[in-house]
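# Descriptive analysis of the structure
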Amino acid sequence: MSKFFSPAHASLTAYTPGEQPQDKKYIKLNTNEAPFSPPQAVLDAVNSAEVSRLNLYPDPDCNLLREAIAKKYGVSKNQVILGNGSDEILQYLFLAFSYGNCGAAFPDITYGFYKVFAALYNIEAEKIPLCENFEISYKDYLNKNKTIFIANPNAPTGIMMPLSEIEEIAASNPGNVVVIDEAYVDFGGESAIKLLPKYKNLVICRTFSKSRSLAGARLGFAIADEEIINDLNTVRCSLNPYNINRLTLLAGKAAIESDEYYDGICGEIIKNREELTEELEKIGFSVLPSKANFIFAKHKTLGGEMLYKELKEKGVLVRHFKDSRICDFLRITIGTKEECNILLSKLKEITN
Ligand SMILES: *Cc1c(COP(=O)(O)O)cnc(C)c1O
């Protein structure tokens with residue numbers, strides 16, 4: 001730390017992304033990326049003619065992509081905002097609705113960025129423990145008087161909360177924003193977008209990083225009531241009105257119009273997830289019921305850190321968290337069938 005660093009940040013612990021090794025070639029099952037490239041339509045959209053226009057700023061209103069997203073989800077363009085990854089939108093949400101206001105509430109075990117944003121902006125955050133079986137108890141979120149952040153499916157558990165329970169949370173907190181982070185909803189979950197007409201306090205957050213094979217493009221979006229989107233735009237334009245670059249705008253539009261391709265690859269991931277779960281159970285793992293492109297699994301006798309290290313030795317990267325409640329689990333991204341098979345054979349070597 002330099003002597004110039006604000007004491008306000010002295011105890012800040014930054015978000016730790018999963019390893020992105022640039023040297024050795026691993027089977028990468030640690031950061032929930034898609035194992036498939038984006039469709040040809042995306043490659044065609046990001047062409048050299050477009051690269052040659054990088055001397056010009058992008059559209060700060062992102063009109064074409066917002067229209068395409070609005071069309072797909074049956075909402076108005078004014079209900080859509082884009083972010084440089086959905087992480088950026090989460091940041092806007094903390095700034096717009098919690099900062100200097102009512103604080104925030106989210107599960108103790110959930111996406112790690114929530115607590116980082118809360119700490120960065122000195123926002124009081126209530127971390128509500130998950131149940132014994134790692135589900136979120138919706139009753140803990142009724143009448144909270146705080147901005148609520150819920151990842152659904154939750155990460156890193158993969159467990160999905162039913163829409164009826166989200167509805168209870170939204171209905172009982174009419175004076176507060178309720179954020180549903182649906183980063184993984186395309187892998188068999190049910191979106192809360194359909195609740196938007198009824199609940200003006202709901203914000204649905206989405207990303208192109210997981211189900212749309214565009215983690216490297218950095219693109220996310222949120223859908224909510226127009227007034228909420230206006231507030232988020234005030235924050236966005238106070239930070240970076242050109243937050244989405246020209247190439248990502250084009251890639252995103254081509255991607256949102258390629259549903260057939262993505263339905264196919266999401267279907268494949270779901271199938272691989274179910275098969276891998278079954279195989280892991282045969283070799284002594286218990287696996288939480290996942291609706292995401294990852295599973296959260298724990299061996300009956302072997303510790304999580306040891307399994308993580310041995311797998312890394314053998315060229316397979318998975319995610320391990322040190323928090324005491326989940327330190328015996330591995331979060332394993334669902335890859336191609338071939339990647340799942342390699343993971344399985346390495347785990348068989350280790351557990352035998
Ligand atoms: C991956 C992830 C995000 C962030 O995705 P971006 O790459 O920033 O779009 C947000 N929320 C959850 C729960 C995630 O797992």
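Everything below is about the structure printed above this text.
Remember, it's a predicted structure, so these values are computed and weren't measured experimentally. (Residues numbered from 1 in each chain as written. Predicted model: local features only at pLDDT ≥ 70, side-chain atom pairs only at ≥ 80, totals over all residues. Heavy atoms only, no water.)

## A closer look at the overall build of the protein
Across its full length, the protein carries 11 helices and 12 strands. Computed over its C-alpha atoms, the radius of gyration of the protein comes to 20 Å, within 12% of the 20 Å expected for a compact globule of 352 residues. With respect to the principal axes defined by its C-alpha atoms, the protein has extents near 55 × 50 × 50 Å. In the protein, 72% of the contacts between residues at least 6 apart in sequence involve partners at least 24 apart. Taken as two groups, the 40 positive and 45 negative side-chain charges of the protein have centres that lie 3 Å from each other. (Helix = DSSP H or I, 4+ residues; strand = E, 2+ residues; numbered from the N terminus. Rg over C-alpha atoms; globule rule 2.2 N^0.38 Å. Contact = heavy atoms within 4.5 Å. Lys, Arg positive; Asp, Glu negative; His and termini not counted. Charge placed at Lys NZ, Arg CZ, Asp CG, Glu CD.)

## Notes on the sheet that holds strand E4 (residues 125-128)
Read from one edge to the other, the open sheet built from 7 strands follows the order E2-E8-E7-E6-E5-E3-E4, with strand pairing classed as mixed. Only two strands of the sheet have a single partner each, and these edge strands are strand E2 (80-83) and E4. With direction set aside, neighbouring strand axes in the sheet form an average angle of 20°. Where strand E3 (residues 104-107) meets E4, 4 bridges bridge the pair, whose relative direction is parallel. Paired with Phe-106 across the bridge in E4 is Lys-127. The strands touched by helix H4 (residues 86-102) are E2, E3, strand E5 (147-151), strand E6 (178-181), strand E7 (202-207) and strand E8 (220-224); relative to E5, the strand with the most contacts, the crossing angle is about 155°. Together, E2, E7 and E8 form the strand contacts of helix H7 (residues 226-239), whose direction differs from that of E2 by roughly 30°. (Pairing = 2+ DSSP bridges. Axes fitted to C-alpha atoms, helices over the stretch in contact; angles between N-to-C directions.)

## Regarding the site of the ligand
Lining the immediate surroundings of the ligand are Gly-85, Ser-86, Asp-87, Tyr-111, Asp-181, Ala-183, Tyr-184, Thr-207, Ser-209, Lys-210 and Arg-218. Thr-207 is positioned such that a nitrogen or oxygen atom in its side chain is 2.5 Å from an oxygen atom of the ligand. Contact distances for the ligand include 2.7 Å between an oxygen atom and a side-chain N or O atom of Arg-218. Against a free-state accessible area of 390 Å², the protein chains account for coverage of 93% of the ligand. Of the residues in the shell around the ligand, the class split is 3 nonpolar, 4 polar and 4 charged. (Near = heavy atom within 4 Å. Polar contact = N/O pair within 3.5 Å; in protein donor to acceptor, adjacent residues only side chain to side chain. Areas by Shrake-Rupley, 256 points an atom, 1.4 Å probe, with all protein chains shown as cover. Nonpolar A, V, L, I, M, F, W, Y, C, P; charged D, E, K, R; others polar.)

## Description of unusual backbone geometry
Of note, the amide linkage connecting Asn-152 to Pro-153 takes the cis form, showing an omega dihedral of 0°. Inspection of the secondary structure puts Pro-153 in the loop between E5 and helix H6 (163-172). Cis geometry marks the peptide bond from Ala-155 to Pro-156, where omega comes out at 5°. Looking at the element boundaries, Pro-156 is found in the loop between E5 and H6. The phi torsion at Cys-62 lies on the positive side, around 50°, for a residue other than glycine. As for its position among the elements, Cys-62 is in the loop between helix H2 (48-51) and helix H3 (63-73).

## Focus: the sheet that holds strand E9 (residues 285-287)
In a beta sheet, neighbouring strands are held together by backbone hydrogen bonds and run either parallel or antiparallel to one another. Taken together, the 3 strands give an open sheet; going across it, the order is E9-E10-E12, and neighbouring strands pair in antiparallel fashion. In this open sheet, the two strands that pair with only one neighbour each are E9 and strand E12 (329-333). Strand-to-strand twist of the sheet, defined as the mean angle between neighbouring strand axes without regard to direction, takes the value 35°. As judged from the 3 bridges shared by E9 and strand E10 (residues 294-299), these two strands associate in the antiparallel manner. Residue pairing across strands places Val-287 opposite Ala-297, the latter belonging to E10.

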